[in-house]
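An overview of the molecular structure
This is what each chain is made of:
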Amino acid sequence: MHEMSLCESILDILKEEAAAGQFTRVKRIAIDVGLLSCVEPEALQFGFDVIMKGSLAEGAKLEISRLPAEALCLTCFKTVPVKQRFDACPECGSEALQVTGGEELKIRELEVV
Amino acid sequence: MCTVCGCSSTKAHDHDHHHDEQDGDHLHFGNGDAGTSVPGMNQSRLIQIEADILGKNNSYADQNRTLLADKGVLALNLVSSPGSGKTTLLVETLKRLSGSISAMVIEGDQQTSNDADRIRETGAAAIQINTGKGCHLDAHMVGHAVEKLPLEAGGILFIENVGNLVCPAAFDLGEAARVVILSVTEGEDKPFKYPDIFANADLMILNKTDLLPHLDFDVEAVLANARKVNRKIKILQVSARTGEGLDSWLNWLDAARAMQLVGLQQDRAAE
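Nothing here was measured: the structure is a model prediction, and the numbers come from that model.

Some points on the interface of chain B and chain A
On the side of chain A, 27 residues touch chain B, which itself brings 28 residues to the contact. When residues of the side of chain B that touches chain A are traced back to their parent elements, those giving at least two are strand E3 (45-52), helix H6 (195-199) and helix H7 (219-229) of chain B. No other element matches E3(B), which puts 8 residues into the side of chain B that touches chain A. Looking at side-chain class alone, the side of chain B that touches chain A contains 15 nonpolar, 4 polar and 9 charged residues. Summarising the sheet, strand E6 (residues 105-112) of chain A and E3(B) pair through 6 bridges and their orientation is antiparallel. Looking at E3(B), one finds that Leu110(A) is bridged to Ile47(B).

Structure below.
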């Protein structure tokens with residue numbers, strides 16, 4: 001479950017931000033997870049609670065926003081919404097799609113004390 | 001006396017209310033997050049950051065990629081599920097490269113050094129990384145392993161990732177190309193079930209093709225499925241056991257090695 005390692009990366013970022021932004025505790029973390037990113041939100045939530053124990057973010061709320069995925073259709077040149085990597089273009093049926101969004105995995109906002 | 005708010009109540013009561021709320025006959029301040037009250041200041045604040053959660057891994061990966069490019073070494077990240085025949089393919093490949101090309105291997109497994117031992121028998125330098133509970137290699141581990149290897153221009157570094165089609169997908173190791181190995185004893189729908197790993201691969205090797213006569217495996221279907229997930233993926237059909245298709249794989253390695261050296265020669269000429 002690589003979500004554990006991702007939570008450790010989140011903790012590293014929080015520690016760096018705490019030193020730079022002069023805060024001692026994190027109450028809430030808002031993260032963006034694209035629909036096509038390699039992350040299972042439930043596993044991330046589970047790993048988060050475990051990894052943050054005893055840290056500056058113990059008990060913090062993890063808010064996960066799923067960002068939609070979109071792709072450029074190389075046949076009809078429209079940007080179309082997709083749900084999976086192997087979806088066909090909903091406009092023209094072409095399978096030549098290039099994913100242009102939905103792979104995000106980032107921390108957007110922190111509520112700190 | 002209540003030790004939290006100092007009121008005279010001896011009964012358990014909660015303090016989980018807004019800090020300026022009136023509670024019966026007294027007002028609570030200082031129960032906020034900072035444990036103190038400063039007039040005019042909100043105790044918690046919002047910080048907007050745009051921090052890529054994989055940022056640290058990616059920066060280690062960039063360092064690895066730069067170092068390997070400077071040394072003229074082609075690094076390949078080999079990913080697959082357990083039992084796809086990755087190590088056997090690697091051993092057969094190393095035997096053929098032996099004597100002509102400097103080949104190095106980083107072996108990632110949760111436990112044991114069995115695979116590195118098999119590799120060393122071919123004469124190639126091998127470093128075993130045991131990830132313990134970890135389910136993938138990351139760029140930091142690979143960076144340390146690379147320090148221990150004799151990097152030689154024109155050489156190939158094979159990084160055999162932990163057998164897992166899920167977790168390694170997210171972690172760039174600094175490789176020049178990612179190679180996913182799928183064996184014909186697995187399902188044709190693997191590219192759909194684990195799209196991330198196929199979407200990020202440059203080459204797919206369909207291994208154990210010598211078993212096809214004994215199976216109902218639909219080769220055309222798996223090729224079409226892989227291409228639906230990744231239009232640019234190149235595909236080779238190989239049997240590491242019989243040697244069928246290995247020449248094509250060695251040609252691919254030669255071409256990739258040449259690409260890794262092109263820039264290097266130009267850089268050297270410019271110096």
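A few points about the sheet that holds strand E4 (residues 79-82) of chain A
Residues and elements named next belong to chain A. In space, the 3 strands of this open sheet follow the order E4-E3-E5, with antiparallel pairing throughout. The sheet terminates laterally at E4 and strand E5 (97-101), the two strands that pair on one side only. Between one strand axis and the next, the sheet turns by 40° as a mean value, whatever way the strands run. With 4 bridges connecting them, strand E3 (residues 69-73) and E4 associate as antiparallel partners. The residue bridging Leu-72 from the neighbouring strand is Thr-79, located in E4.

Re the environment of Glu175(B)
Residues and elements named next belong to chain B. The residue Glu-175 is located in the loop between strand E7 (156-160) and strand E8 (177-183) in this model. The buried category is assigned to Glu-175, around which 24 C-beta atoms lie within 10 Å. Residues contacting Glu-175, with those up to four places away along its chain left out, are Ala-75, Leu-76, Asn-77 and Ile-159.

As for the packing of helix H1 (residues 55-71) of chain B against helix H4 (residues 139-147) of chain B
Residues and elements named next belong to chain B. Where H1 meets H4, the axes come as close as 8 Å, and the angle between the chain directions of the two elements is 30°. Taken as axis vectors, H1 and H4 run roughly parallel relative to one another. Seen along the crossing, H1 lies across H4 with a hand that is left-handed. Only Ala-139, His-140, Val-142, Gly-143 and Val-146 of H4 make contact with H1, whose side of the interface consists of Asn-57, Tyr-60, Ala-61, Gln-63, Asn-64 and Leu-67.

Focus: helix H2 (residues 86-97) of chain B
Residue and element names in this part refer to chain B. When the terminal C-alpha atoms of H2 are compared, their 16 Å separation across 12 residues agrees well with the 16 Å that a helix rising 1.5 Å per residue should span. Of the residues making up H2, those classed as buried are Lys-86, Thr-87, Leu-89, Leu-90, Glu-92, Thr-93, Leu-94 and Leu-97. Once H2 ends, the next one or two residues include Gly-99, with phi positive near 90°.

Points about the sheet that holds E6(A)
The 4 strands are arranged E2(A)-E1(A)-E6(A)-E3(B) in an open sheet whose pairing can be described as mixed. In this open sheet, the two edge strands, each paired with only one partner strand, are strand E2 (61-67) of chain A together with E3 of chain B. Neighbour to neighbour, the strand axes of the sheet diverge by 20° on average, direction disregarded.

Thoughts on the pairing of strand E4 (residues 74-80) of chain B
Two faces belong to every sheet, and in a regular strand the side chains alternate between them. Residue and element names in this part refer to chain B. Burial analysis of E4 places 7 of its 7 residues in the buried class, which makes it a mostly covered element. Of the two faces of E4, the one holding Leu-74, Leu-76, Leu-78 and Ser-80 and the one holding Ala-75, Asn-77 and Val-79 are both buried throughout. Here 5 bridges tie E4 to E7, and the two strands are oriented parallel to one another. Within E7, the residue paired with Ala-75 across the bridge is Leu-157. Pairing analysis gives 5 bridges linking E4 to E8, with the strands arranged parallel. Pairing of Asn-77 across the sheet is with Arg-178, part of E8.

Notes on H1(B)
Residues and elements named next belong to chain B. Along its 17 residues, H1 runs 24 Å from first to last C-alpha, staying within 8% of the 24 Å computed at 1.5 Å per residue. For H1, every residue scored as buried is listed here: Asn-57, Tyr-60, Ala-61, Asn-64 and Leu-68. Each buried residue of H1 sits inside an arc of 100° when the element is viewed along its axis, so together they form one side. Where H1 is buried, its residues contact E4, H4 and E7. Count one or two residues on from H1 and you reach Gly-72, which has phi positive near 75°.

Here is what the cut-offs are and how they apply
- Here, residues in each chain are numbered from 1, in the same order as that chain's written sequence.
- For this description, chains carry letters from A and ligands carry numbers from 1, given in the order in which they are written.
- Since the coordinates come from a predicted model, pLDDT governs what is reported: local features require at least 70, and pairs of side-chain atoms require 80 or more to be given and counted, while whole-chain, interface and lining totals use all residues.
- Throughout, a residue-residue contact means that the two C-beta atoms, derived from backbone geometry, are no farther apart than 7 Å.
- Only DSSP runs of H or I with at least four residues qualify as helices, and only runs of E with at least two residues qualify as strands; both kinds are numbered from the N terminus onward.
- When residues are sorted by character, Ala, Val, Leu, Ile, Met, Phe, Trp, Tyr, Cys and Pro go into the nonpolar class, Asp, Glu, Lys and Arg into the charged class, and all the rest, Gly among them, into the polar class.
- For two strands to be treated as a pair, DSSP must find at least two bridges joining them.
- Only C-alpha atoms enter the line fits that serve as axes; for helices the fit covers just the stretch in contact. Angles between N-to-C directions range over 0 to 180 degrees.
- As a rule, residues whose C-beta atom has 12 or fewer other C-beta atoms within 10 Å are exposed, those with 20 or more are buried, and those in between are partly exposed; C-beta atoms are placed from the backbone.
- Oblique is the label for any angle not covered by the other classes, which are roughly parallel (under 35 degrees), roughly antiparallel (over 145) and roughly perpendicular (65 to 115).
- Here a crossing is taken to be left-handed if its near helix is turned anticlockwise relative to the far helix by less than a right angle, and right-handed if that turn runs clockwise.
- Each helix should span, by expectation, one fewer than its residue count multiplied by 1.5 Å.
- Each direction from the helix axis to a C-beta atom contributes to the arc, which is the arc of those directions.

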